[in-house]
Amino acid sequence: MFRRILMGFLPAFLLASQTLAVRLIHPAKTVPADITPLFEDINASMAGVSSGTAAWGDYDNDGDLDVLVTGWDDSFIPVTRLYRNDGNGLFVEVHAGLVNVLSAIGAWGDYDNDGDLDILLAGWIEQLTSTTAKVYRNDGNDVFTDINAGLVGVSCSSGGWGDYDNDGDLDILLAGGFADVNSTKIYRNDGNGVFTDINAPLVGVHGLSAVWGDYDNDGDLDILYNGCTQDWCWAKTTRLYRNDGSNIFTEISTGLPDIEGTVAWGDYDNDGDLDILLAGGYQSPQIYKNEAGAFVYTGALLMPASQYNSIAWGDYDNDGDLDILLTGWSDAIIPITIIYRNDGGNLFTDINAPLPGVVFASAVWGDYDNDGDLDILLAGATDPFQTHPITKIFRNNTPNPNTPPTAPASLAAAVAGSSVTLSWNAAGDGQTLAAGLTYNVRVGTAPGASNILSPMANNVSGYRRLPGMGNGQLGTSFVINGLADGRYYWSVQSIDTAYAGSPFATEQSFVVGQVEPEEAHITGGGWVSSPLGVYTANPNLNGKASFGFVSRVQKGAPVPEGNVEF
């Protein structure tokens, strides 16, 4: 069992000889003591892990990003750790009773639309004899409850949250393997903690990377993933499935190389569609430009070739375009962590950031200190045998300020049956081109609410509780299906390439179906002639007196018809 796990991570020649471990440790680049480094280790006290995941998310809604990590610790024991951000670089471990997992998914998402972030976990558990997949509901006050979602356990796994059917709640993409059986499944969120396997005909894989993204801008989430289709990874694949609605996913021929690696969506050229970053397979990282739904290799020179990667898009220098964070080991079998600056025109430059090289790692962008630039959460092994794992946060000291984008304008809603199409005009930003902005929608059944569609952001200020694209992605419209009759309230915010959110636009409302009024008012007025003698105190007065009336119709009461005398 142990050897099979390692084989998913290490080539055979390294398994045969552990004498390479010491010389392969890759120290961080250093800077002179009197110079503030661009990325500075804040020395957060966190358990080092490898072969897992790291994720930012503001689970306690206090306005700063907390940390979830999973993986192997330095004793080769699976762990899951939750750290609460208490400010000033202090991260405090929260003992939330989460299952310990390895080779795992750890993902935040508000699956029940109650305004706080829940957790999806999947991977090997305890003594590596079995796998699990669990959803934990966030009940507040650091309490997370296993909802017994009935998901199939997987290891060497990937996936995450995404509303593929546009009904307002988050569904699950979950892929991985166990006992020589690979699977790639979509679980539809049917409410009340029920997740249903839709039996989508997706090729099963393990040792993979799987992501949701609307590559064709048709308003629904498509699927991109790669990984191993056979045990020991003798065969590999990279697949793109177009979401055609009604639970139908159609495989699209892309010409992407079949590798075991990592994939990520991002609009690196700010032209309004999602491009692909692909890394692994002992090849140089590759960028494929989206040309009207076809993917064209850009020829961008990203060196060196690498394997066992983690990759992430994010605008670290606040210049309005997406840069690249990459970890893994190089073709020289040296752990690496590299930031490539996007200089435009398919040119990406290694900035020689002073970061420790890691492998079997997870590296993600997020602004933990709310100073307007993207910091780095880095968890992985500093040697190929995973005997020296780390989990570190590096503060971004860029001098370049970022300003949040403006809120979208001209909000409109078009209702058709039980569906609505929400639309707005493109927003603006001081750094990111308008075409590169993404959008985040909220919908609720009361003013200011988001119980139908959660934005995973503060409903007023727009503070993002998850660093990343919005749920509306790059479009300026959003469809929600399956709405019951009633009045709904909604708004939208814009998000730039540094994942800063605008305030939400002025809230609007729309009505689906026939809605009884909670209370209706009819008002009016007129003149009444006063003949002589009507006013008995002074019978000589005559003229006109004004009057007014208000008729209140309560919900459920019959509405009066005809003339009314006064």
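Look up a bit, the structure's there.
For clarity, every value in this text was computed on a predicted model and none was experimentally measured.

Caption draft 1: Spatial organisation of the pairing of strand 30 (residues 419–425). Pairing between strand 29 (residues 409–416) and strand 30: 6 bridges, direction antiparallel. From the neighbouring strand, Ala414 faces strand 30, where its bridge partner is Thr421. Taken together, strand 29 and the strand that follows it, strand 30, pair antiparallel across an intervening segment of 2 residues, in which Gly417 is found at a positive phi of about 65 degrees. Judged from the 4 bridges that link them, strand 30 and strand 32 (residues 477–480) form a sheet pairing that is antiparallel. Each bridged residue has a counterpart across the sheet, and for Val420 the counterpart in strand 32 is Ile480.

Caption draft 2: Broad picture of the side chain of Asn85. Here Asn85 is to be found in strand 4 (residues 78–85). Judged by its relative accessible area of 2%, Asn85 is buried. In terms of polar contacts, Asn85 uses its side chain to reach the backbone amide nitrogen of Gly87, at 2.9 Å. A distance of 3.1 Å separates a polar side-chain atom of Asn85 from the backbone oxygen of Tyr368.

Caption draft 3: Seen up close, the side chain of Asp367. One can find Asp367 in the loop between strand 26 (359–366) and strand 27 (375–381). There is a polar contact of 2.9 Å between the side chain of Asp367 and the backbone nitrogen of Gly372. Those residues in contact with Asp367, other than ones at most four positions away along the chain, are Leu65, Gly372, Asp373, Leu374 and Asp375.

Caption draft 4: Layout of unusual backbone geometry. The backbone phi angle of Asn141 is positive, close to 55 degrees, even though this residue is not glycine. As for its position among the elements, Asn141 is in the loop between strand 8 (130–138) and strand 9 (144–146). We classify Asn141 as exposed; its relative accessible area is 77%. Phi at Ala292 is positive, roughly 55 degrees, even though this residue is not glycine. By secondary structure assignment, the location of Ala292 is in the loop between strand 20 (283–291) and strand 21 (294–297). Among the residues examined, Ala292 registers a relative accessible area of 84% and is labelled exposed.

Caption draft 5: Quick peek at the environment of Leu224. Looking at the element boundaries, Leu224 is found in strand 15 (residues 222–228). Accessibility expressed as a relative area gives 0% for Leu224, which makes it buried. Remark: the alpha-carbon pair of Leu224 and Val263, spanning 39 residues in sequence, is separated by 7.5 Å. Leu224 has contacts with Ser209, Ala210, Val211, Thr238, Arg239, Leu240, Leu256, Val263, Trp265 and Ile276, leaving out every residue within four places of it along the chain.

Caption draft 6: Spatial organisation of empty space enclosed by the protein. Enumeration according to the criterion identifies 1 cavity of 30 Å³ or more in this entry. Taken together, Pro257, Ile259, Leu278, Ala279, Gly280, Gln283, Ser284 and Gln286 form the lining of the largest cavity. For the lining of the largest cavity, the secondary structure elements donating two or more residues are strand 19 (275–280) and strand 20. When the residues that make up the lining of the largest cavity are grouped by side-chain class, the tally is 4 nonpolar, 4 polar and no charged.

Caption draft 7: Quick look at the sheet that holds strand 2 (residues 54–57). Pairing in this open sheet of 4 strands is antiparallel, and the strands run 2-3-4-5 from one edge to the other. Two strands in the sheet have a free side with no partner beyond their single neighbour: strand 2 and strand 5 (91–94). If you compare each strand with its neighbour and ignore which way they point, the axes differ by 25 degrees on average. Pairing between strand 4 and strand 5: 4 bridges, direction antiparallel. Paired with Leu82 across the bridge in strand 5 is Val94.

Caption draft 8: How the structure looks around the environment of Phe295. On the secondary structure map, Phe295 appears in strand 21. Between the alpha carbons of Phe295 and Ser253 there is a distance of 9.7 Å; along the sequence they are 42 residues apart. Filtering out sequence-adjacent residues up to four positions away, Phe295 remains in contact with Tyr215, Leu240, Thr254, Trp265, Leu274, Ile276, Tyr288, Lys289 and Asn290.

Caption draft 9: Representation of the layout of surface pockets in the model. Its boundaries defined by the atoms lining it, the second largest pocket holds a volume of some 340 Å³. Asp367, Asn370, Tyr463, Tyr499 and Ala500 are the residues nearest the centre of the second largest pocket, which is lined by 19 residues in total. Across the lining of the second largest pocket, the residue classes tally to 9 nonpolar, 6 polar and 4 charged. Residue assignment places the lining of the second largest pocket across two domains, with domain 1 (39–396) and domain 2 (409–512) each supplying three or more.

Caption draft 10: Broad picture of the environment of Ser362. One can find Ser362 in strand 26. Residue classification places Ser362 among the buried positions, given a relative accessible area of 9%. For the pair Ser362 and Ala379, spaced 17 residues apart in the sequence, the C-alpha separation amounts to 5.4 Å. Sequence-distant contacts of Ser362, defined by excluding residues within four places in its chain, comprise Gly52, Thr53, Ala54, Ser310, Leu377, Leu378 and Ala379. A polar contact of 3.0 Å, which involves the side chain of Ser362, links it to the backbone nitrogen of Ala54.

Caption draft 11: Structural detail: the packing of aromatic side chains. For the structure shown, the criterion picks out 28 aromatic pairs. When the centroid spacing of 6.3 Å and the interplanar angle of 50 degrees are considered together, the rings of Phe39 and Trp365 count as tilted. Linking Phe39 in strand 1 (residues 39–41) with Trp365 in strand 26, this pair joins segments that are 326 residues apart in sequence. Of the two residues, Phe39 and Trp365, both sit in the buried class. Taking the centre distance of 5.8 Å and the plane angle of 45 degrees together, the rings of Tyr215 and Phe295 count as tilted. Of the two residues, Tyr215 is situated in the loop between strand 14 (206–213) and strand 15 and Phe295 in strand 21; the sequence distance between them amounts to 80 residues. Between Arg442 and the ring centre of Phe504, over which it is positioned, the NZ or CZ distance is 5.2 Å.

Caption draft 12: Inspection of the sheet that holds strand 30 at higher detail. If you walk across this open sheet you meet the 3 strands as 29-30-32, and the pairing is antiparallel. Each edge of the open sheet carries a strand with a single partner, namely strand 29 and strand 32. Strand-to-strand twist in this sheet, taken as the mean axis angle between neighbours without regard to direction, amounts to 15 degrees.

Conventions we followed
Residues numbered from 1 in each chain as written. Predicted model: local features only at pLDDT ≥ 70, side-chain atom pairs only at ≥ 80, totals over all residues. Heavy atoms only, no water. Pairing = 2+ DSSP bridges. Helix = DSSP H or I, 4+ residues; strand = E, 2+ residues; numbered from the N terminus. Buried < 20%, exposed > 50% of the residue type's maximum accessible area, 1.4 Å probe, protein only. Polar contact = N/O pair within 3.5 Å; in protein donor to acceptor, adjacent residues only side chain to side chain. Contact = heavy atoms within 4.5 Å. 1 Å grid on protein atoms, 1.4 Å probe; cavity = no way out; pocket = protein on both sides within 12 Å on 5 of 7 lines; lining within 4 Å. Points joined across faces, edges and corners; volume = space filled by probe spheres on them. Nonpolar A, V, L, I, M, F, W, Y, C, P; charged D, E, K, R; others polar. Axes fitted to C-alpha atoms, helices over the stretch in contact; angles between N-to-C directions. Domains from an automatic or database assignment. Phe/Tyr/Trp six-rings, centres within 6.5 Å; stacked < 30°, edge-to-face > 60°. Lys NZ or Arg CZ within 6 Å of the ring centre and 35° of its normal.

Geometric descriptors of this kind do not, in isolation, establish any biological role.
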